[in-house]
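Descriptive analysis of the structure
Okay, here's what each chain looks like letter by letter:
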Amino acid sequence: MTETDEKEQSLFEAPPMGEQERMVEAILFASADPVTVAELAARMPHGADPAEALVYLRKRYDGRGVHVVKVGDAWAIRTAPDLGFLMQKETVEQKKLSRAAIETLAIIAYHQPATRAEIEEIRGVAVSRGTIDQLLELEWIRFGRRRMTPGRPVTFVVTQGFLDHFGLESARDLPGLKELRAAGLLDSRPLPGGQGAGDEEEGEDLAGQSELFED
Amino acid sequence: MTETDEKEQSLFEAPPMGEQERMVEAILFASADPVTVAELAARMPHGADPAEALVYLRKRYDGRGVHVVKVGDAWAIRTAPDLGFLMQKETVEQKKLSRAAIETLAIIAYHQPATRAEIEEIRGVAVSRGTIDQLLELEWIRFGRRRMTPGRPVTFVVTQGFLDHFGLESARDLPGLKELRAAGLLDSRPLPGGQGAGDEEEGEDLAGQSELFED
Amino acid sequence: MSDPTGFEEDHQTVSDRLAAEALIVDVDGFEGPLDLLLMLSRTQKVDLRKISVLQLAEQYLTFVDKAKVLRIELAADYLVMAAWLAFLKSRLLLPPDPQDEGPSGEELAAHLAFQLERLQAMREAAAQLMARDQMGRDFFVRGLPEGVARIRRVTYSATLLDLMQAYARIRTKDEFRPYAFDRDHVFTMEQALDRMRGLIGFAGEWTDLSSYLPDGWSADPARRRSATAATFAASLELAKQGQIELRQGETFAPISIRRKPT
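All values derive from a computational prediction rather than experimental measurement.

**Observations concerning the packing of aromatic side chains**
Following the criterion strictly, the structure yields 13 aromatic pairs over all chains and no others. Summarising the aromatic geometry, the rings of Phe-29 of chain A and Tyr-61 of chain B are spaced 6.3 Å apart at their centres and angled 90° between planes, so their arrangement reads as edge-to-face. Of this pair, Phe-29 of chain A sits in helix α2 (residues 17–30) while Tyr-61 of chain B sits in the loop between α4 (50–60) and β2 (66–71), each in a different chain. When the centroid spacing of 5.1 Å and the interplanar angle of 55° are considered together, the rings of Phe-187 of chain C and Trp-217 of chain C count as tilted. Placement of Phe-187 of chain C in the loop between α6 (160–172) and α7 (189–200) and of Trp-217 of chain C in the loop between β2 (207–208) and α8 (221–240) is noted, with a sequence separation of 30 residues between them. With respect to burial, Phe-187 of chain C and Trp-217 of chain C carry one shared label: buried. Connected via pairs of aromatic rings, a cluster forms that spans Phe-29 and Tyr-61 of chain A together with Phe-29 and Tyr-61 of chain B. The ring of Trp-217 of chain C is capped by Arg-223 of chain C, whose NZ or CZ atom sits 4.0 Å from the centre of that ring.

As structure tokens, this is what we get:
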């Protein structure tokens, strides 16, 4: 939206902020999935500022039984985690993930975008068929950009559904991420001398990851 | 707070009313159906008084974007009736795309620009007009340049809307056959008799595909 | 259970020994050599950054030796790692060769330590991730998403997975054509048995197996392969039944058969 648009629209006068807050509240309550600010704006009257309304709304639900949470670049209402014990009825049986799947997921989350070869290099073992498939089906990972290295391998990144499931605002809020980076444990270090177990392609790879987290 | 803490506590006294209000709020939010007072009491700690908590909760949502409403003899949270106009998006009916449409779309995505004849050749069956029209209407495909071959047939390419919908940055990020297979999306039963034939041909396929994108 | 591992008992605690037993009994439970190395490194009870890679290499090689004694089949990657660690060990023990261009033993050891630390870090990160409050377990989404059924608009949805599966289906449909067996070029074992039973009565002397191939099956390679395989299988069957004897001078030498002398 351009600046002039903004001014013209404001001639029609946006609803008062209290009213905008109600609107955001209603939309978030009605939806099971997170809603982006852009989607909110599209559904609200012209000139509304859902981002500001969200600030108020979030404060209003502070300490209540449900919270306004940020999921990637979208917003949702979720029950307060300390009340989970009341919800046995709503609890969905979660499919037990294999250790391989959990580790693969963590590696993708912390090293994203990550190629299959990188996952295998870190775990020291081949990623079995079906592990990636399972994570794709859960919609916790998706295909990212291809690596601009020989073979142009596909990469994997985590999704908004992953953030939502684990109550993360963004991939930067992964537990321990800063410490791991500071300790150099998210770097890719090729085997000295280059021959042997490691993949040759590894070297250039990690540029992508720091890009993702650096801004 | 753990569950046992909660229970032990309830031997002595019910949680404070503010806490009970939070509980009712969370239960009403997460339940798929309206909840009766008796059901609330059964799920809350002993000694809790959900009826009283409901009075407070109801008052708290007075004039807000959502209301606590009575449905028969049960309770639910609903968006305020005056904000119904915001709920248009929720009335959308989701339908799965037909197999013919998804296959046609896949071929266009992988082989774009593709003519109708090419799509038919790959699918081995005629493409109905309705299928193309539907994809055009969804704005997932659009007309590309005409082919400089006899008859100058129109071609189809995928749109930005397509990329957005499928979470792709570019059509180049679509995984190739080998990667589909590695991810377990492709059954790799070998051809009976012709050993390894399937795999050998794979290489060429990929080459074809990357050529396609290499422009 | 009394120490089936044969590990030295002197300075091992009970838990060390149990861990060692678990290693031997449950080698399949490990996700590759790196996983095993990480497990072994725990017995050193030091920070992974201060780990003795030399000691670790020895522990691993001991493990592989014990597995051999116990005749446990180790997968190839375990043996590759053993060979690499043996090489690393020699590099660490011998004085560096100034002629040698390659990485030093210390560099290689540092890399291995890094790999172990990184794997361990990822495991801990995974555990922390799974310990977080999770949707549908600890916190919940709206149970009753609202839809005011006033305006109905149909949207079509499809996921990337649908798209890729559709493409995969099209591109592989040729692979799934019905299985049709080409009987013209197959000589079955039953046919071979019939043929050999008829001929074997006359084979008092050692005769090359290839002379039992049916007529007209040697020109075309596919037919020759099928007939050879069937005839060989049939001769094994007859030998098992005690009707003939088999002889082969050395590996890949021609096979001869004769009727078993009565």
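Having seen the model, we can carry on.
**Some words on the confidence of the model for chain A**
All names here are of chain A. Residues at a pLDDT of 70 or more form 84% of chain A, whose mean pLDDT is 83. Of all helices and strands in chain A, the one with the weakest mean pLDDT is helix α10 (residues 202–205) (40), whereas helix α4 (residues 50–60) scores best (96). In this model residues 195–215 is a low-confidence stretch, pLDDT under 50, and it forms 38 contacts with partners more than four residues away in sequence or in other chains.

**Structural notes on the interface of chain C and chain A**
Counting residues at the interface gives 40 residues for chain C and 54 residues for chain A. The contact between chain C and chain A buries some 4,200 Å² in all, and 64% of this surface belongs to carbon and sulfur atoms. Summed over the three residues of chain C that lose the most area to chain A, namely Arg-118, Met-122 and Phe-140 of chain C, the buried surface amounts to 17% of that side. For the interface between chain C and chain A, the tally reads five salt bridges. Its salt-bridge partner being Arg-99 of chain A, residue Glu-31 of chain C comes within 3.7 Å of it at the nearest N-O pair. Between the two partners, chain C and chain A, sit 10 residue pairs in polar contact (both at pLDDT 80 or more). Among the secondary structure elements, those contributing two or more residues to the side of chain C that touches chain A are α2 (33–42), α5 (105–130) and α6 of chain C.

Criteria and cut-off values
- Residues numbered from 1 in each chain as written.
- Chains lettered and ligands numbered in written order.
- Predicted model: local features only at pLDDT ≥ 70, side-chain atom pairs only at ≥ 80, totals over all residues.
- Heavy atoms only, no water.
- Phe/Tyr/Trp six-rings, centres within 6.5 Å; stacked < 30°, edge-to-face > 60°.
- Helix = DSSP H or I, 4+ residues; strand = E, 2+ residues; numbered from the N terminus.
- Buried < 20%, exposed > 50% of the residue type's maximum accessible area, 1.4 Å probe, protein only.
- Lys NZ or Arg CZ within 6 Å of the ring centre and 35° of its normal.
- pLDDT = per-residue confidence, 0-100.
- Contact = heavy atoms within 4.5 Å.
- Buried area = accessible area lost by both parts, 1.4 Å probe.
- Salt bridge = Lys/Arg side-chain N within 4 Å of Asp/Glu carboxyl O.
- Polar contact = N/O pair within 3.5 Å; in protein donor to acceptor, adjacent residues only side chain to side chain.

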